[in-house]
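Each chain is listed here by its residues.
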Amino acid sequence: MSVIISNSYIGSRSSKTFKPKKNIPEGSHQYELLKHAEATLGSGNLRQAVMLPEGEDLNEWIAVNTVDFFNQINMLYGTITEFCTEISCPVMSAGPRYEYHWADGTNIKKPIKCSAPKYIDYLMTWVQDQLDDETLFPSKIGVPFPKNFMSVAKTILKRLFRVYAHIYHQHFDSVIQLQEEAHLNTSFKHFIFFVQEFNLIDRRELAPLQDLIEKLGSKDR
């Protein structure tokens, strides 16, 4: 049985990105948080690296990491765009049982069936628009996060997960061929530990990669 999931809510190959990288302003508190995240990631303990640093604001921590995950997925998908085409991927899927239809609630209100590259283009453009919106993702010190921030962040992360799911199910052979599997696995493990730590994605949404998630978790126990 197929499960149709609709979005009805609101140089070198390795440096290629699908969309422009989202930069956090140097010298800002969020930049310092990002540097802290990178330093703790370097320790190799991902469970510890995703925890909220003492005395920090949860919204700000989630915002910084959401930007970072967007940049990581942007780069990972950028390495395999030549393999993800209208012909190879006429629908946006994650294996035979999961198919995604796109709607953003604004420009496209009724979910539409489209190819994977088209869907991911819509998705990454939509995420980029949210990250660039200063009222949603304030970069200046003292500017509060809006009341709906957590709900928007959850929707962004839920949608970014779908890009990981598509890459793993439809393009993992290409990832291996490009010798990018260690990079993909580390990025996804970091992403999953982060969303689990703060309960940001419903377990049902993670079903397309549940076996992999359990495997990554058991290795870390």
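Basis of the calculations
- Along each chain, residues carry numbers from 1 onward, in the same order as the chain's sequence is written.
- Local features in this predicted model are restricted to residues whose pLDDT is 70 or higher, and side-chain atom pairs enter the listing and the counts only when it is 80 or higher, whereas totals over whole chains, interfaces and linings include all residues.
- Excluding hydrogens and water, the side-chain values take into account all heavy atoms of the structure.
- Runs of H or I in DSSP of at least four residues are treated as helices and runs of E of at least two as strands, each being numbered from the N terminus.
- Residues adjacent in sequence count toward polar contacts only when both atoms are side-chain atoms; beyond that, a polar contact is any pair of N or O atoms within 3.5 Å, and within protein one must be able to donate a hydrogen and the other to accept it.
- Any pair of residues with heavy atoms lying within 4.5 Å of one another is described as a contacting pair.
- Each residue is assigned to one of three classes by its accessible area relative to the maximum for its type, calculated with a 1.4 Å probe on protein chains only: buried under 20%, partly exposed between the two thresholds, exposed over 50%.
- Two strands pair under a simple rule: DSSP has to find at least two bridges between them.
- Under the convention used throughout, the expected extent of a helix is 1.5 Å for every residue step, that is, one less than its residue count.
- Think of it this way: the bend at a residue is just the angle between two axes, each fitted to seven residues, one set ending at that residue and the other starting at it.
- UniProt positions are given in the numbering used here, feature names are shortened, and annotations may be inferred rather than shown by experiment.
- Each Phe, Tyr or Trp ring, with Trp reduced to its six-membered ring, pairs with another whose centre is within 6.5 Å; inter-plane angles below 30 degrees give stacked pairs, above 60 give edge-to-face pairs, and intermediate values give tilted ones.

In the annotation of an unreviewed UniProt entry, the chain is listed under the name MOB kinase activator 1A and assigned to Scleropages formosus.

On to the side chain of Ser187, then. Along the polypeptide, Ser187 turns up in helix H6 (residues 181-197). Of the polar contacts made by the side chain of Ser187, one reaches the side chain of Tyr164; its length is 2.6 Å. When neighbours within four sequence positions are excluded, Ser187 is seen to be in contact with Gln72, Leu76 and Tyr164.

Looking now at the pairing of strand E3 (residues 98-101). Of the two faces of E3, the one lined by Tyr98 and Tyr100 and the one lined by Glu99 and His101 are each fully buried. Bridge analysis of strand E2 (residues 92-93) against E3 gives 2 bridges, and the strand direction is antiparallel. Following the sheet pairing, Met92 is matched in E3 by Tyr100. Hairpin connection from E2 to E3: 4 residues lie between these consecutive antiparallel strands, with Gly95 at a positive phi of about 85 degrees.

Turning our attention to the environment of Leu160. Along the chain, the position of Leu160 falls in helix H5 (residues 149-177). Taking the C-alpha atoms as reference, Leu160 lies 8.1 Å from Phe69; in sequence the two are 91 residues apart. Ignoring sequence-local partners within four residues, the contact set of Leu160 consists of Phe69, Phe70, Ile73, Leu123, Met124, Val127 and Phe191.

Helix length check: H5, at 29 residues, gives a terminal C-alpha distance of 39 Å against a target of 42 Å (1.5 Å per residue), a fit within 8%. The largest bend in H5 comes to about 85 degrees, at His171. One or two residues past the end of H5 sits Gln179, with phi positive at roughly 60 degrees.

This part is about the UniProt feature "binding site: Zn(2+)" (unreviewed entry) in the chain. The positions that UniProt labels "binding site: Zn(2+)" (unreviewed entry) are, in the present scheme, Cys84, Cys89, His166 and His171. Across 88 residues of sequence, these annotated residues stay compact in space, with a maximum C-alpha separation of 9.9 Å. Inspection of the secondary structure assignment puts Cys84 in the loop between helix H3 (58-80) and E2. A relative accessible area of 4% means that Cys84 is categorised as buried. When residues no more than four places from it in sequence are discounted, the contact partners of Cys84 are Tyr77, Cys89, Ala116, Pro117, His166 and His171. As for its position among the elements, His171 is in helix H5. By relative accessible area, which is 3% here, His171 ends up buried. Excluding anything up to four places from it in sequence, His171 contacts Ile80, Phe83, Cys84, Ser88, Cys89 and His166.

Moving on, we get to the packing of aromatic side chains. Taken as a whole, this structure holds 14 aromatic pairs when the rule is applied. Their ring planes at 40 degrees and their centres at 6.3 Å tell us that Tyr100 and Tyr119 sit as a pair that is tilted. Taken as a pair, Tyr100 in strand E3 and Tyr119 in helix H4 (residues 116-132) lie far apart in primary sequence, 19 residues in all. Take Tyr100 and Tyr119: they sit in the same class, and that class is buried.

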